[in-house]
Amino acid sequence: MPNFSAKRWEKYKGTTELERELAMAGERDNPESKQREAAEADAMSADNARADADVTKLATDLEDLRQTLLRRQADFDNYRKRIERERSEDSKRTTARLVEALIPIVDGFEHALAAHREAEYENYRKGFELIYKQLMDNLAKLGVERIDPAGQPFDPHQHQAVDRAESTDKPDGTVLQVFQPGYVFGGRVLRPAMVRVAVHPTNASKFSAN
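Conventions we followed
- Residues numbered from 1 in each chain as written.
- Predicted model: local features only at pLDDT ≥ 70, side-chain atom pairs only at ≥ 80, totals over all residues.
- Heavy atoms only, no water.
- Helix = DSSP H or I, 4+ residues; strand = E, 2+ residues; numbered from the N terminus.
- Buried < 20%, exposed > 50% of the residue type's maximum accessible area, 1.4 Å probe, protein only.
- Contact = heavy atoms within 4.5 Å.
- pLDDT = per-residue confidence, 0-100.
- Phe/Tyr/Trp six-rings, centres within 6.5 Å; stacked < 30°, edge-to-face > 60°.
- Pairing = 2+ DSSP bridges.
- Axes fitted to C-alpha atoms, helices over the stretch in contact; angles between N-to-C directions.
- Patch = residues over 30% accessible without salt bridge, like charges linked within 9 Å, V, L, I, M, F, W, Y side chains within 5 Å.
- Areas by Shrake-Rupley, 256 points an atom, 1.4 Å probe, with all protein chains shown as cover.
- Salt bridge = Lys/Arg side-chain N within 4 Å of Asp/Glu carboxyl O.

### Details of the overall build of the protein
Per the secondary structure count, the protein includes four helices and six strands. Taken from N to C terminus, the helices and strands of the protein fall in the order α-α-α-α-β-β-β-β-β-β. Across the 210 residues that make up the protein, the buried fraction comes to 23%. Once local pairs closer than 6 in sequence are excluded, the contacts in the protein between residues at least 24 apart make up 60%.

### Some details on the confidence of the model for the protein
The pLDDT averaged across the protein works out to 83; a share of 80% of its residues lies at or above 70. Across residues 206–210, confidence stays below pLDDT 50; counting only partners more than four residues off in sequence or on other chains, it has 15 contacts.

### Looking at the packing of aromatic side chains
On inspection of all chains with the given rule, the structure shows two aromatic pairs. Ring geometry for F109 against Y132: centres 6.5 Å apart, planes inclined by 45°, an arrangement best described as tilted. Here F109, found in helix α3 (residues 31–115), pairs with Y132, found in helix α4 (residues 122–141); they are 23 residues apart in sequence, far enough to count as distant. Among the aromatic residues, ring-to-ring pairing joins F109, F128 and Y132 into one connected group.

### Focus: the sheet that holds strand β2 (residues 159–166)
Judged by pairing direction, the sheet is mixed, and its three strands sit side by side in the order β2-β6-β3 without closing on themselves. Single-partner strands in this sheet number two, and they are β2 and β3 (175–180). Sheet twist, expressed as the average angle between the axes of neighbouring strands with direction ignored, equals 25°. Where β3 and strand β6 (residues 193–199) come together, four bridges link them in antiparallel fashion. Each bridged residue has a counterpart across the sheet, and for Q177 the counterpart in β6 is R196.

### Notes on a nonpolar patch on the surface
Taken together, the side chains of L58, L62, L65 and L69 define a hydrophobic patch exposed on the protein surface, amounting to about 400 Å² of accessible area. Checked against the element boundaries, L58 lands in helix α3.

### Some thoughts on the sheet that holds strand β4 (residues 182–185)
Taken together, the three strands give an open sheet; going across it, the order is β1-β4-β5, and neighbouring strands pair in antiparallel fashion. The strands lining the two open edges of the sheet, one partner per strand, are β1 (144–147) and β5 (188–191). Along the sheet, successive strands turn relative to each other by an average axial angle of 30°, direction set aside. With three bridges joining them, β4 and β5 adopt antiparallel strand pairing. Paired with V184 across the strands is V189, a residue of β5.

Here is the structure:
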């Protein structure tokens, strides 16, 4: 079937195909008809071009929107991770301050337990030992690690040498005695262990008391 514009279709609506063919043949020989057909073709082409441009613009807008949403999602994820990290760090700092406040109390328990070993203090010792154990268990649950390096190599990052002793029985730099244990929390040394370090006579200047 020949291509008809809407106007031409209305014009020939109700006619037979033969009548339409004859009418169109007559129109083709008419200059005005040719001009009209050309104008209609140009209008249709312009309409199609506008439709294509609208579709292209819509596709571009949709892609821009998708990219914007992806950026917003990435920004939100980064913000959420940063907030979670800051909260975790704040929690660790708060716990570290609490542990630092409890360390002298732990020292007090240990001094009390070491000072009274007489039989008449046995009942008191049992009570102190129970409280001390509960305190140390709770510190361990928080992630606190005790530094008690007797017999281990001296580590300047976790130990503080407050005394030295010449020795040929132990390897050079071995911790001979722990005067005060240290503590670590979250990878940070809250207090270094106070120690005595073995030094060979030839290396006596290597480890000095701080």
